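A closer look at the structure
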There are 2 protein chains.
Amino acid sequence: MQPSTMTPAQARALFRERDVATTAGYSAGYAQANLIALDKRYAFDFLLFAQRNPKPCPILGVLEPGQVASPLLACGDIRTDIPAYRVFSHGSLIDEPTDATAYWTEDTVAFLIGCSFTFEQALLDNGVPVAHIAQGRNVPMYLTNIDCEPAGVFSGKMVVSMRPIPASQVADAVRITSRYPAVHGAPVHVGDPASIGIRDLDAPDFGEAVDIPAGTVPVFWACGVTPQSIVMSSKPELAICHAPGKMLVTDARDLAYQVP
Amino acid sequence: MQPSTMTPAQARALFRERDVATTAGYSAGYAQANLIALDKRYAFDFLLFAQRNPKPCPILGVLEPGQVASPLLACGDIRTDIPAYRVFSHGSLIDEPTDATAYWTEDTVAFLIGCSFTFEQALLDNGVPVAHIAQGRNVPMYLTNIDCEPAGVFSGKMVVSMRPIPASQVADAVRITSRYPAVHGAPVHVGDPASIGIRDLDAPDFGEAVDIPAGTVPVFWACGVTPQSIVMSSKPELAICHAPGKMLVTDARDLAYQVP
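Residues numbered from 1 in each chain as written. Chains lettered and ligands numbered in written order. Predicted model: local features only at pLDDT ≥ 70, side-chain atom pairs only at ≥ 80, totals over all residues. Heavy atoms only, no water.

The name given to chain A in an unreviewed UniProt entry is Putative hydro-lyase CJEDD_03790, with Corynebacterium jeddahense as the source organism. One UniProt comment on chain A, placed under Sequence similarities (unreviewed entry), says "Belongs to the D-glutamate cyclase family." (UniProt positions renumbered as here; feature names shortened; annotations may be inferred.)

In structure tokens:
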């Protein structure tokens, strides 16, 4: 079966059994999600952080203590259905298991956060080129000097992803992604990387550099790595995240997040 | 000074000193908000309830324990700047003070929730008539049979407001209000009140009945009374709410909540 034509449940069943390089391309038309799972004593602060920073941290769903499935992953198990996890203790990576069950407790709360795969498909569908996809690379991501709104124990700087967009299509890219506020929404910055603290577009802090085609403008979107970065810098006792590029494939259609 | 031309800070200073019948019409162009304040032990459950029920419970801002001001009410005080409050103990109304300071503790968390005043202005600006405003009445509101998504200790049915919209303008009303997801967004139901458990449009559960003009269709929006109703049915030890129609006038412009 082609990855793109798998149902989300089929994709999750596959990832329960084995790891893959990336979930990109699986279950076309369905939203994928970032995972951050924390002990419930951090849950209000983190949910409030997300409420105050909806562009980097758009919440698609929350699994309460004791829940391992939800309408976003029907008949699934959040502890096993992502290809690989990263476990952090006091901000330090301690394990990269393909099954997170051993780290899960009855007090673990799981936050599912929107992923830019959704709006990238919308850009492509509308004829706006996405350079890193065309070049077969991971999207370049940068730590900025933009402060997130703090909440409780969580604070820090925003991480952005960058896509070079043809100058004639920047307005289209803004318009199209504005319609997906649940998956990072409109850009946070267009052009002028220096003013948000990015010194060298060729040296991203995460992901891979892309070749920047002539006639394009660097456009920056709030990135789903932000909450993971914030959580890591805030050093909770334990945090369980997805491994980069290996997302939760959800049962929600991309189009369900389109407004208005 | 005319109410409509007051700055939000001027309006709040006025309400700090005296009660008014309603805040409708004050500080034109600025968003008004519902208030629900709870002890911090309910805070995660309530914020999660709001995240799962964004149409009835769109969160504009949260004041953490110890905070009485925020960017939504600069130099203000949430305990005094609403004309009148309602205080509920275990779900029962126990007081209607004009100053809530005596009930506020260092563990109180305040949730500010979007109000339909914002989208009603957008309807009027676009030439869609709003019957209850034309008739000088409060909007009619109804308890429905629509279950909200539960979260923690909070669960219950959705409350909706109804506006009779000319059949030729129903699509416009949907389109216009869809652009304001932070203030209840698109309707949850168009026509057919019986199927959501409303037996008599002339007997609303809250607010006032309106005359329904010929050629109109009843259109139902999720209502900001829902969270208050849910909180009341869940009987937290203490809840501090605004008095109906007496909202917090915020420093956020209505247009800031328009997407895309």
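After presenting the structure, the write-up continues.
Both copies of the chain are placed relative to one another by a rotation about an axis and a shift along it. Rotating chain B by 180° about the axis while translating it 0.0 Å along that axis superimposes it on chain A, leaving an RMSD of 0.0 Å. Here the transformation between the copies is reduced to the relation of a two-fold axis. Rotation axis and chain B: the residue whose C-alpha lies nearest the axis is Phe 44 of chain B, separated from it by 2.3 Å. Taken as a fraction of all interface residues of chain B, those also at the interface in chain A reach 100%, which identifies the copy contact as same-surface. (Least-squares fit on C-alpha atoms with pLDDT ≥ 70 in both. Contact = heavy atoms within 4.5 Å.)

Residue and element names in this part refer to chain A. Position of Thr 5 relative to the elements: it lies in the segment before α1 (8-17). Thr 5 sits in the exposed class, given a relative accessible area of 54%. Along the backbone, Thr 5 and Ala 214 are 209 residues apart, and their C-alpha atoms lie at a distance of 35 Å. (Helix = DSSP H or I, 4+ residues; strand = E, 2+ residues; numbered from the N terminus. Buried < 20%, exposed > 50% of the residue type's maximum accessible area, 1.4 Å probe, protein only.)

The next point concerns the interface of chain B and chain A. The interface of chain B with chain A comprises 22 residues on the first partner and 22 residues on the second. Taken together, the two surfaces of chain B and chain A that pack against each other cover about 1600 Å², and 67% of this comes from carbon and sulfur. Summed over the shared surface of chain B and chain A, the number is two salt bridges. With a shortest N-O distance of 2.7 Å, Glu 64 of chain A and Arg 52 of chain B are connected by a salt bridge. Where chain B meets chain A, there are eight residue pairs in polar contact (both at pLDDT 80 or more). Of all the elements in the fold, those that place two or more residues in the side of chain B that touches chain A are α2 (43-52), β2 (59-63) and β5 (108-114) of chain B. In terms of residues, the side of chain B that touches chain A owes the most to one element, α2 of chain B, which gives six residues. Of the residues that constitute the side of chain B that touches chain A, the class distribution is 14 nonpolar, five polar and three charged. (Buried area = accessible area lost by both parts, 1.4 Å probe. Salt bridge = Lys/Arg side-chain N within 4 Å of Asp/Glu carboxyl O. Polar contact = N/O pair within 3.5 Å; in protein donor to acceptor, adjacent residues only side chain to side chain. Nonpolar A, V, L, I, M, F, W, Y, C, P; charged D, E, K, R; others polar.)

Below, the discussion takes up the packing of aromatic side chains. All names here are of chain A. Tallied over the entire structure, the rule returns 13 aromatic pairs over all chains. Considering the side-chain rings of Phe 15 and Tyr 26, the 4.9 Å spacing of their centres and the 80° angle between planes classify their relative orientation as edge-to-face. On the criterion of sequence distance, the pair formed by Phe 15 in helix α1 and Tyr 26 in the loop between α1 and β1 (30-39) is long-range, its members being 11 residues apart. Comparing Phe 15 with Tyr 26, the two get one shared label, buried. An aromatic cluster is built from Tyr 42, Phe 46, Phe 49, Phe 111 and Phe 154, whose rings are joined through pairwise contacts. (Phe/Tyr/Trp six-rings, centres within 6.5 Å; stacked < 30°, edge-to-face > 60°.)

What follows deals with helix α6 (residues 225-234) of chain B. Because an α-helix completes one turn every 3.6 residues, residues spaced three or four positions apart along the sequence face the same direction. Residue and element names in this part refer to chain B. Residues of α6 that are buried include every one of Thr 226, Pro 227, Gln 228, Ile 230, Val 231 and Met 232, and no others. Buried residues in α6 make contact with β1 (30-39), α2, β3 (85-89), β5, β7 (157-166) and β10 (238-242). Following α6 by one or two positions, Lys 235 has its phi on the positive side, about 55°.

Next up on the list: the domain arrangement of chain A. Often, the extent of an interface is quoted as the loss of accessible area on bringing the components together. Residues and elements named next belong to chain A. For chain A, the assigned domains read domain 1 (3-115 + 231-257) and domain 2 (117-226). Averaged C-alpha coordinates put domain 1 and domain 2 at centres separated by 22 Å. Across the boundary between the two partners, domain 1 contributes 27 residues, which contact 24 residues of domain 2. Together domain 1 and domain 2 conceal approximately 2200 Å² of surface at their shared face, both sides included; 63% is due to carbon and sulfur atoms. If you look at where domain 1 meets domain 2, you find zero salt bridges. (Domains from an automatic or database assignment.)

Time to look at the sheet that holds strand β8 (residues 189-190) of chain A. Sheets are built from strands that pair by backbone hydrogen bonding, the pairs being arranged parallel or antiparallel. All names here are of chain A. With respect to topology, four strands assemble into an open sheet ordered β6-β7-β9-β8, the strand pairing being antiparallel. Taken across any chain shown, the strands that pair with only one partner, and hence form the sheet edges, are β6 (141-147) and β8. As paired strands, β8 and strand β9 (residues 216-222) are joined by two bridges and run antiparallel to one another. Bridge pairing in β9 places Val 190 opposite Val 219. Across the sheet, helix α6 (residues 225-234) is in contact with β6 and β7 (157-166); its angle to β7 comes to roughly 155°. (Pairing = 2+ DSSP bridges. Axes fitted to C-alpha atoms, helices over the stretch in contact; angles between N-to-C directions.)

A separate point is the nonpolar core. Inside soluble globular proteins, nonpolar side chains tend to come together where they are buried. Counting residues in each nonpolar core, the largest one holds 70 residues, and the members touching the most others are Phe 111 of chain A together with Phe 111 of chain B. Leaving out residues up to four positions away in the same chain, Phe 111 of chain A has contacts with Asn 34, Leu 35, Ile 36, Leu 38, Ala 43, Phe 46, Leu 47, Ile 59, Gly 61 and Val 62 of chain A together with Phe 44 of chain B. The next biggest cluster of nonpolar side chains, apart from the first, holds 34 residues, and it includes Ala 33, Val 170, Val 183 and Leu 248 of chain B. (Core = buried A, V, L, I, M, F, W, Y, C linked by side-chain atoms within 4.5 Å.)

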